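Descriptive analysis of the structure
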Amino acid sequence: MKSVLVAFVAVASITVAGCGVVLGQKQAPAAVSTLVYTPADWPEPLQADVYQPQGKGPFPGMLLVHGGGWERRSRDDMDRLARYYVGQGYVVMNVSYRFAPEARYPAQVHDLQQAMHWLHREAGRLGLDAERIGAFGYSAGAHLVSLMALAAGTGNDLDQPWGGERTRPAAVVAGGAPMDLRKYTGGKLVPQFLGGGINEIPETFAAASPVTRVHPDAPPFLLFHGTRDSLVTIDHAEEFVAALAAQNVPVALERQGGRGHILTFLTVGTALPEADAFLQRHLAAVD
């Protein structure tokens, strides 16, 4: 396969915050705050935007994670989704994470684990039901969210030392996700994210691939993917869905007909009705 992941950078270069379809917002947030969510001794202080919905909780939660080839872009790219979901009554945490090549796998997964721990610690203040936190990522962000969700509470290498049950979302929405990094035998982005080429560290390529970490206790997943995505081909999603289904994990794939990697994100609004129905099923309040 040619250096297809270099195109992740091209995607990032033209995917600007607020582009694409306008997402309907039922109501404005009651408050939006920007804060550092990582511990004081973390290698790099990382910020998140936290959106508080109107009304009285307990509210479901939503962790949003942006893409950009693990090396660039910002949480601003997810702002329109943040405003959409706070309008739906979610406490939304839209996070930044460390970038390659300065920070290599699994640093970014550890960052997301810290974000989930922050949500649990602050749940009372936010009116958040910590048992009903979903996670939504696109591209590299979907990859990272998937790894975190699959590792949570397993006690395996990726779950230690920052994971645990609290880092398990109740449901995951993953768009345009590279689920098997072993498919990328060239290019720059995956090697700089993992710290070497596939011939040098094949075991790391496998360990960093969500498809290799599927297990029966994984949370429910909804994937959406462009059928003409040449950057992250749809077989990533199809094979991941098949692996989850074989373990009897609730999973579905929404194919975005005729769309590539960029257009699928820019028209994310068309995937939201199915995503919302999925989230409502799996984040429903228990009396």
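Here we summarise the structure given alongside this text. Starting afresh in each chain, residues are numbered from 1 along the sequence in its written order. Owing to the predicted nature of the model, reporting of local features is limited to residues with pLDDT of at least 70; listing and counting of side-chain atom pairs is limited to 80 or more, with chain, interface and lining totals taken over all residues. The basis for the side-chain values is all heavy atoms of the structure; hydrogens and waters are excluded.

Details of the environment of Thr167
Heads up, the rule is: The numbering of helices and of strands both runs from the N terminus, where a helix is a DSSP run of H or I of at least 4 residues and a strand a run of E of at least 2. For every residue, the accessible area obtained with a 1.4 Å probe (protein chains only) is divided by the maximum for its type, and the residue is called buried under 20%, exposed over 50%, and partly exposed between those limits. By definition, residues are in contact when any of their heavy atoms lie within 4.5 Å. What qualifies as a polar contact is a pair of N or O atoms within 3.5 Å, subject to a donor-acceptor requirement within protein and to the restriction that residues adjacent in sequence count only when both atoms come from side chains.
For Thr167, the location among the structural elements is in the loop between helix H5 (140-151) and strand S6 (171-175). By relative accessible area, Thr167 is classed as buried at 0%. For Thr167 and Leu23, which are 144 residues apart along the polypeptide, the C-alpha to C-alpha distance reads 28 Å. In this structure, Thr167 is in contact with Gln113, Met116, His117, Met148, Ala152, Asp159 and Trp162, ignoring residues within four places of it in sequence. Among the polar contacts made by the side chain of Thr167, one reaches the main-chain carbonyl oxygen of Gly164 at a distance of 2.7 Å.

Observations concerning the environment of Gly175
As for its position among the elements, Gly175 is in strand S6. Sequence spacing of Gly175 and Tyr138 is 37 residues, and the spatial spacing of their C-alpha atoms is 4.6 Å. Setting aside residues no more than four positions away along its own chain, Gly175 makes contact with Gly137, Tyr138, Ser139, Ala142 and Phe224.

Description of the pairing of strand S4 (residues 91-95)
For the record, the criterion: Pairing between strands is defined by DSSP: at least two bridges between them are needed.
Among the 5 residues of S4, 5 are classified as buried, and the element is accordingly described as predominantly covered. A two-sided burial pattern is seen for S4, the buried positions comprising Val91, Met93 and Val95 on one face and Val92 and Asn94 on the other. Here strand S2 (residues 47-52) runs beside S4; their pairing, made up of 4 bridges, is antiparallel. Residue pairing for S4: Val50 is matched across the bridge by Met93.

Describing the sheet that holds strand S5 (residues 128-138)
The cut-off we apply is this: Working convention: axes come from line fits to C-alpha atoms, limited for helices to the stretch in contact. Angles between N-to-C directions cover 0 to 180 degrees.
Read from one edge to the other, the open sheet built from 8 strands follows the order S1-S2-S4-S3-S5-S6-S7-S8, with strand pairing classed as mixed. Looking at which strands have only one partner, the edges of the open sheet turn out to be strand S1 (31-36) and strand S8 (251-256). Sheet twist, expressed as the average angle between the axes of neighbouring strands with direction ignored, equals 15°. Of the strand pairs in this sheet, S6 and strand S7 (residues 221-226) are connected by 4 bridges, and their pairing is parallel.

Observations concerning the packing of aromatic side chains
The geometry of two aromatic rings is summed up by the distance between their centres and the angle between their planes. Our working rule: Any Phe, Tyr or Trp ring, taking Trp's six-membered ring, that has another such ring centre within 6.5 Å forms a pair; planes under 30 degrees apart are called stacked, those over 60 apart edge-to-face, and the others tilted.
Applying the stated criterion to the full structure yields 11 aromatic pairs. A ring pair is formed by Tyr85 and Tyr90, whose centres lie 5.2 Å apart and whose planes are at 80°; its orientation type is edge-to-face. The same class applies to Tyr85 as to Tyr90, namely buried. When the ring of Tyr97 is compared with that of Phe99, the centres are 5.7 Å apart and the planes differ by 90°; the resulting orientation is edge-to-face. Residue classification places Tyr97 among the buried positions, given a relative accessible area of 3%. Residue classification places Phe99 among the partly exposed positions, given a relative accessible area of 25%.

Considerations on the pattern of salt bridges
Going by this rule: Salt bridges are defined as contacts in which a side-chain nitrogen from Lys or Arg sits within 4 Å of a carboxyl oxygen from Asp or Glu.
On inspection of all chains with the given rule, the structure shows 12 salt bridges. Between Arg132 and Asp129 there is a salt bridge, with its nearest N and O atoms 2.9 Å apart. Given a relative accessible area of 11%, Arg132 falls into the buried group. With a relative accessible area of 21%, Asp129 lands in the partly exposed category. Between Asp180 and Arg182 there is a salt bridge whose closest N-O contact spans 2.8 Å. The buried category is assigned to Asp180, whose relative accessible area is 10%. One network of salt bridges, with partners in common, ties together Lys183, Asp235 and Glu239.

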